[in-house]
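Structural overview
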Amino acid sequence: APDVQLNTRSTGTTITALLAENNTVLVLAADTRATDGSTVADKRCEKLHSLARNVWCAGAGTSADVDAMVRHVKFRFWKRRHGDVGNIPYVLDSTISKEDRDVPFASVTAILHYLRSKLQQSRGALGVNLLVGGYDFSSQQALLAAVHPHGSIDVVTYAALGSGGLAATGVLESQYPIIGNGRCTVAQGITLAVEAVKAGIENDLGSGSQVDVCVISREGVLYRRAALEEESLPWTSTQETSQPVTSRGGGAGVNGFGNVKFAIKSKRVISEGFWTCEKRKREWLDNILGL
């Protein structure tokens with residue numbers, strides 16, 4: 001049988017999550033760039049998804065697989081209403097879509113077990129990397145877990161995934177203990193999560209555009225798009241300006257010639273073509289041989 005080589009395409013993402021307020025608040029943050037190889041397919045892609053009213057996730061990997069898994073879990077627990085805690089006052093941000101506002105409450109651990117079983121059945125065929133978390137009413141604590149394509153789950157207090165996850169993890173590991181780990185305030189947690197995603201954007205070509213943030217607590221969910229807006233290059237004048245270079249600063253400079261006028265000279269060499277070189281070689285041989 002002939003060998004079949006699959007053409008794979010790389011994707012880019014930076015997602016982060018951490019716990020705050022004595023592990024009672026979850027902060028999720030993600031960039032919004034979706035890539036198809038070296039092409040930016042979408043600059044405003046939503047990577048923060050609602051799985052239940054009190055459970056959200058940040059997705060990295062293959063966009064189609066992540067979206068399909070999110071909708072599958074959401075519909076499954078909508079039917080089951082597993083872990084429904086009843087009529088609890090819960091404030092949802094006005095920017096959240098109607099579909100996400102109508103989903104019921106669910107147990108964070110139940111959703112994690114369901115995700116693990118579905119991903120283990122796929123044997124790693126789905127490109128789904130998730131940071132799943134929310135507020136658990138039974139333990140009165142926020143939970144966070146990193147879910148990997150083969151179904152393995154890591155219960156953590158902070159995490160970063162995606163192609164820019166290494167740079168984001170460096171920021172989290174260095175700054176999260178300084179602000180008190182899970183005892184930090186919500187404002188400190190949001191700032192750190194955004195800075196971690198920003199580090200991923202600056203060090204990974206597949207991550208970029210703006211930063212979205214989601215905060216989940218006992219009181220409700222706050223979802224903000226473009227918490228950190230995309231940077232743009234400033235407009236420059238179309239007129240050509242030239243300024244004579246007269247000095248290199250007010251100091252002495254290198255070798256004491258900092259304030260001395262100078263000029264830059266460059267030499268340009270144009271290479272001859274192949275046939276021109278061959279013609280010169282033959283003329284040189286003819287001269288040597290006396291032809």
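Whatever comes next refers back to the structure up there.
Since we're looking at a predicted model, the values are computed, not measured.

Moving on, we get to a nonpolar patch on the surface. A contiguous nonpolar surface patch, about 470 Å² in accessible area, is contributed by Trp-284, Leu-285, Ile-288 and Leu-289. Mapped onto the elements, Trp-284 comes out in helix α6 (residues 274-289).

If you trace the backbone, Thr-14 turns up in the segment before β1 (15-20). The exposure class assigned to Thr-14 is buried, which follows from its relative accessible area of 0%. At 2.7 Å, the side chain of Thr-14 and the side chain of Ser-207 are in polar contact. Here Thr-14 is in contact with Ala-29, Ala-30, Asp-31, Leu-161, Gly-164, Gly-165, Ala-168, Ala-196, Val-197, Gly-200, Ile-201 and Ser-207, once residues within four sequence places are set aside.

Further remarks concern the pairing of strand β6 (residues 55-61). Counting buried positions over the seven residues of β6 gives six, a clear majority of the element. Taken together, the four bridges between strand β5 (residues 48-52) and β6 define a ladder with antiparallel strand orientation. Looking at β6, one finds that His-49 is bridged to Cys-57. Connecting β5 to the next strand, β6, in antiparallel fashion are two residues. With seven bridges connecting them, β6 and strand β8 (residues 128-136) associate as antiparallel partners. Looking at β8, one finds that Cys-57 is bridged to Val-132.

On to the sheet that holds β8, then. The antiparallel open sheet is built from five strands, whose spatial order is β5-β6-β8-β9-β10. The sheet is open, and its two edges are formed by β5 and β10 (153-155), each paired on a single side. The sheet shows a mean angle of 25° between the axes of neighbouring strands, direction not considered. The sheet contacts of helix α3 (residues 108-122) involve β5, β6, β8, β9 (141-147) and β10, and relative to β8 the element is tilted by about 160°.

The next subject is helix α4 (residues 165-175). Each turn of an α-helix holds 3.6 residues, which means side chains three or four residues apart point in the same direction. Every buried residue belonging to α4 is among Gly-165, Ala-168, Val-171 and Leu-172, and all of these are buried. Axial view of α4: buried residues confined to an arc of 125°, hence all on one face. Residues of α4 that are buried make contact with β1, β11 (158-161) and α5 (186-203).

Its place among the elements puts Asp-31 in strand β2 (residues 25-31). Only 3.2 Å separates the side chain of Asp-31 from the backbone nitrogen of Gly-208, close enough to count as a polar contact. Not counting residues up to four positions away in its chain, the partners in contact with Asp-31 are Thr-13, Thr-14, Cys-45, Lys-47, Val-197, Ile-201, Gly-206, Ser-207, Gly-208 and Gln-210.

Overall, the coordinates contain five aromatic pairs when judged by the stated rule. For the pair Tyr-135 and Phe-137, a centre-to-centre distance of 5.2 Å together with 80° between the ring planes defines the contact as edge-to-face. The ring of Phe-105 carries the charged tip of Arg-53 above its face, separated from the ring centre by 5.3 Å.

Basis of the calculations
Residues numbered from 1 in each chain as written. Predicted model: local features only at pLDDT ≥ 70, side-chain atom pairs only at ≥ 80, totals over all residues. Heavy atoms only, no water. Patch = residues over 30% accessible without salt bridge, like charges linked within 9 Å, V, L, I, M, F, W, Y side chains within 5 Å. Areas by Shrake-Rupley, 256 points an atom, 1.4 Å probe, with all protein chains shown as cover. Salt bridge = Lys/Arg side-chain N within 4 Å of Asp/Glu carboxyl O. Helix = DSSP H or I, 4+ residues; strand = E, 2+ residues; numbered from the N terminus. Buried < 20%, exposed > 50% of the residue type's maximum accessible area, 1.4 Å probe, protein only. Polar contact = N/O pair within 3.5 Å; in protein donor to acceptor, adjacent residues only side chain to side chain. Contact = heavy atoms within 4.5 Å. Pairing = 2+ DSSP bridges. Axes fitted to C-alpha atoms, helices over the stretch in contact; angles between N-to-C directions. Arc of directions from axis to C-beta. Phe/Tyr/Trp six-rings, centres within 6.5 Å; stacked < 30°, edge-to-face > 60°. Lys NZ or Arg CZ within 6 Å of the ring centre and 35° of its normal.

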